[in-house]
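Reading the structure
Each chain, letter by letter, is given below.
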Amino acid sequence: MAELSLAEGLVTFWHSYRLPILIAIASVAILLRAYRKFQPKSKAVTASSIPPSPRSQTPEKFEQIRTGESEKPVVVEKSVPKAATGNDPTPKVVSGPKRVFGKKPLKVAGRRREDQGAPLSFIQPIIFFASLTATTERYAQILLEDLRAAAKERADPENRERGLLPPQIHDLSYIDFDDYFTTAPKPPSTSPGTRYVYCLLIPTYNIDTVLNTFLGHLDETHHDFRIDTSSLSTLAGYSVFGFGDKEGWPTEEEGFCSQAKELDRWMAKLTGKKRAYPLGLGDVKSDAESALKEWSRGLQDILVDILDNGGLGEGVAGSGDPLESDEEDLDDEENDGNRSKRRNDQDVVDLEDIKMGSDGPSGSGPVPVDFTTAGKSAAPNQSTVKEMVPKTSPTYAALTKQGYTIVGSHSGVKICRWTKSALRGRGSCYKFSFYGIRSHLCMEATPSLSCSNKCIFCWRHGTNPVGTTWRWKVDSPDLIFQGVKEGHYKKIKMMRGVPGVRAERFAEAMRIRHCALSLVGEPIFYPHINEFLDMLHSEHISSFLVCNAQHPDQLETLHRVTQLYVSIDASNRESLRTIDRPLHRDFWERFQRCLDILREKRHVQRTVFRLTLVKGFNVDDEVIGYADLVEKALPCFIEIKGVTYCGTSTSAGAGLTMQNVPFYEEIQEFVVSLNKELERRGLDYGIAAEHAHSCCVLLASTRFHVNGKWHSRIDYDRFFELLEKEKADGTSFRPEDYMRETEEWALWGNGGFDPNDQRVHKKGKKKALQAATE
């Protein structure tokens, strides 16, 4: 009975208190679970159990491990400071999702540890080559000896902590690609400041070779998500030289050195665009050794520059357009499209860099800044003379942003888009077709950034000072001459990393042969222009000077130049006022006097009329007026060129739009009409040459039509020979004494594009041209 009553009592108790009991049990279970969750694991993972990671180079990176039989990943953070202080060395274990490192490197304090190492002290060149017939191996040995001699010459017995190391050489067939082309070699512990430069020499085959495997490895490395996109960025630089056979593949389009070009592109991607020297190409049947020697000399200069400057440098504004240099896509047309999109974001553009679309230009114009003086002039006894372009002025900021290098206080230099084009084998400007000037050998500069006109089509209007008299500080000719050369060479050097730049043309560009004094402003305005011209000629640099026919006194006293241009932008007074907007009140009288001086100089100087046609302003019904001006001055040559609209607000304010830009067919029609009018008057002129790409045609005096052939080109060596003789004994000479025959492809009707270069059409434009032709 007692047991029964106990059971009945328990049942009664359960029925009475079951709900609180269940709640209490559940609460205890929850608390225990929570306690166990936050309690440290009893089984710790020791540092010795962590497998080493070949990619863990910084304490900020983490290692991935698997513990016991569990497949659950945990992340172990290194705790070196605790171990160093004698505390528990057990690393901190944190559970979490698996983390994969790859693609772009983690930015810790701005750079990776490899980039934060010791400052550069030694350069170690490494030569890689591939060869089936031992030809490329022989050339690799030539390069090895050249670099070995350079290292020996560079060695300084007094400074053993800095220098160029003797080169290493490897055959691609006998190395593990992972050792050199997945990650860059690490400097030895005894010399942490050593940086490597890869020199790659490869031929091109149309059969499967080790090169196919090698290029495939680079492709896989670049696209492997586990590996940094620029896994070779710790290199100091790289350069590629390719060998090909033009008998089998005459052109690059047909495959000449195609594998070298592909290697150059992959290396640019893997190194973060550290192209130390442009891609070199050599034909094994003709110029391979000489081309390699020239490429080797340029490479050695760059190695010395890297050693002296601590790297390749960051680039200079306007030196080859950094937007252009940043694109490494395989399709050049894609490059152009990408660059044009990115260029829309820029505040200031220059005419040479504008890409025209169907609706007009794809860039905005420069910020208008008018420096025209007004009011009373400064007192003549004013003690301080102002600088034309002070470094703190909006003018300086606007011009440097457009890519100009300002020299001194009133001069400038800039490389134009034709220089970049010629370096890449994509054609030179019309001056090559007409006069034999190769654009990559030409420096565009001016000793005066000031001008006395405000032309409606000037793409630099608003960003350069204007004035009728020189009222600024005057820099010495020597300062300007040295400054513009230094600025030009510096910009050319920064072009070495631009995709497609040809090594042989890059080497040629490091010797200025021509100077176009037509950059901006009025060169003849500079008080010491004759001394500056003498300095150019002393180094056998030809001079092409452009003036605006507003400074007759300076024009009359001008020394001999290689070619003298005068801008003829209108045929009558009112049209000239509308287009050029001159500051001089007697602008028409000055203009007429300059034409008289030009007529007097026509047997001493090669004189050129430059006509810029603006539809709606100076084209319609002005042929007779232009013929009057030609009859008055009798220039040697007449250039007729269509205006290029730059889209600036100042041009729009003057009424200039894309509707004012003539088509090339309209230029041709105008040229034919002008030529007929000159013939009708009995003036001996004819249509000599054209450059359709620049929308430009050349009329020439029959003085330069000899034995049934046009001779518009210049014999530059002969010019300097005659000039030196004139200075020595006073023997004068005529423009006909240094003329050369015009190339067949440049003559009227042949287009004027150099067949040795490759015409590159912008995206979609090539298809449109083909459709129009059909």
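Being a predicted model, the structure only gives us computed values, none of them experimental.

The UniProt record marks residues 17–35 with the feature "transmembrane region" (unreviewed entry), using the residue numbering of this structure. As annotated, residues 17–35 comprises 100% helix and 0% strand, and the C-alpha atoms at either end are separated by 27 Å.

On to unusual backbone geometry, then. With the exception of glycine, the majority of residues adopt a negative phi angle, and the majority of peptide bonds are in the trans configuration. The backbone of Ala549 shows a phi angle near 60°, a positive value even though the residue is not glycine. Assignment of secondary structure puts Ala549 in the loop between β16 (542–547) and α16 (552–556). With a relative accessible area of 1%, Ala549 lands in the buried category. A positive phi angle, close to 50°, is found at Leu634, a residue other than glycine. Along the chain, Leu634 turns up in the loop between α19 (623–633) and β19 (637–642). Using a relative accessible area of 18% as the deciding quantity, one classes Leu634 as buried.

Let's shift gears to the packing of aromatic side chains. Taken as a whole and assessed by the stated rule, the structure comprises 28 aromatic pairs. Between Phe13 and Tyr17 the ring centres are 4.8 Å apart and the planes differ by 40°, which places this aromatic pair in the tilted class. You can see Phe13 and its partner Tyr17 sitting in helix α1 (residues 2–38), 4 residues apart, about one turn around the helix. A relative accessible area of 45% places Phe13 in the partly exposed class. Measuring from ring centre to ring centre gives 5.6 Å for Trp470 and Phe525, while their planes differ by 70°; the resulting arrangement is edge-to-face.

Next up on the list: helix α7 (residues 288–309). Its 22 residues place the ends of α7 31 Å apart at the C-alpha level, agreeing with the 32 Å of an ideal helix rising 1.5 Å per residue. Immediately downstream of α7, the backbone of Gly310 shows phi near 80°, a positive value.

Orientation of helix α3 (residues 135–154) relative to α7, taken along the N-to-C sense of each, is 35°, at an axis distance of 10 Å. Two packed elements cross with a definite hand, and for α3 against α7 that hand is right-handed. Here α3 contributes Arg138, Tyr139, Ile142, Leu143, Asp146, Leu147, Ala150 and Arg154 to the contact with α7, which in turn contributes Ala288, Glu289, Leu292, Lys293, Trp295, Ser296, Gln300, Leu303, Val304, Leu307 and Asp308. Of the residues that constitute the contact of α3 with α7, the class distribution is 11 nonpolar, 2 polar and 6 charged.

Quick look at the sheet that holds β19 now. Spatially, the 10 strands line up as an open sheet ordered β12-β13-β14-β15-β16-β17-β18-β19-β21-β20, and their pairing is mixed. Each edge of the open sheet carries a strand with a single partner, namely β12 (405–407) and β20 (685–691). With strand direction ignored, the average angle separating the axes of adjacent strands in the sheet is 25°. With 6 bridges connecting them, β20 and strand β21 (residues 696–701) associate as antiparallel partners. Its bridge partner being in β21, Tyr685 is matched across the sheet by Ser701.

Rules used throughout
- Residues numbered from 1 in each chain as written.
- Predicted model: local features only at pLDDT ≥ 70, side-chain atom pairs only at ≥ 80, totals over all residues.
- Heavy atoms only, no water.
- UniProt positions renumbered as here; feature names shortened; annotations may be inferred.
- Helix = DSSP H or I, 4+ residues; strand = E, 2+ residues; numbered from the N terminus.
- Buried < 20%, exposed > 50% of the residue type's maximum accessible area, 1.4 Å probe, protein only.
- Phe/Tyr/Trp six-rings, centres within 6.5 Å; stacked < 30°, edge-to-face > 60°.
- Expected span 1.5 Å × (residues − 1).
- Axes fitted to C-alpha atoms, helices over the stretch in contact; angles between N-to-C directions.
- Left-handed = near helix turned anticlockwise from the far one by under 90°.
- Contact = heavy atoms within 4.5 Å.
- Nonpolar A, V, L, I, M, F, W, Y, C, P; charged D, E, K, R; others polar.
- Pairing = 2+ DSSP bridges.

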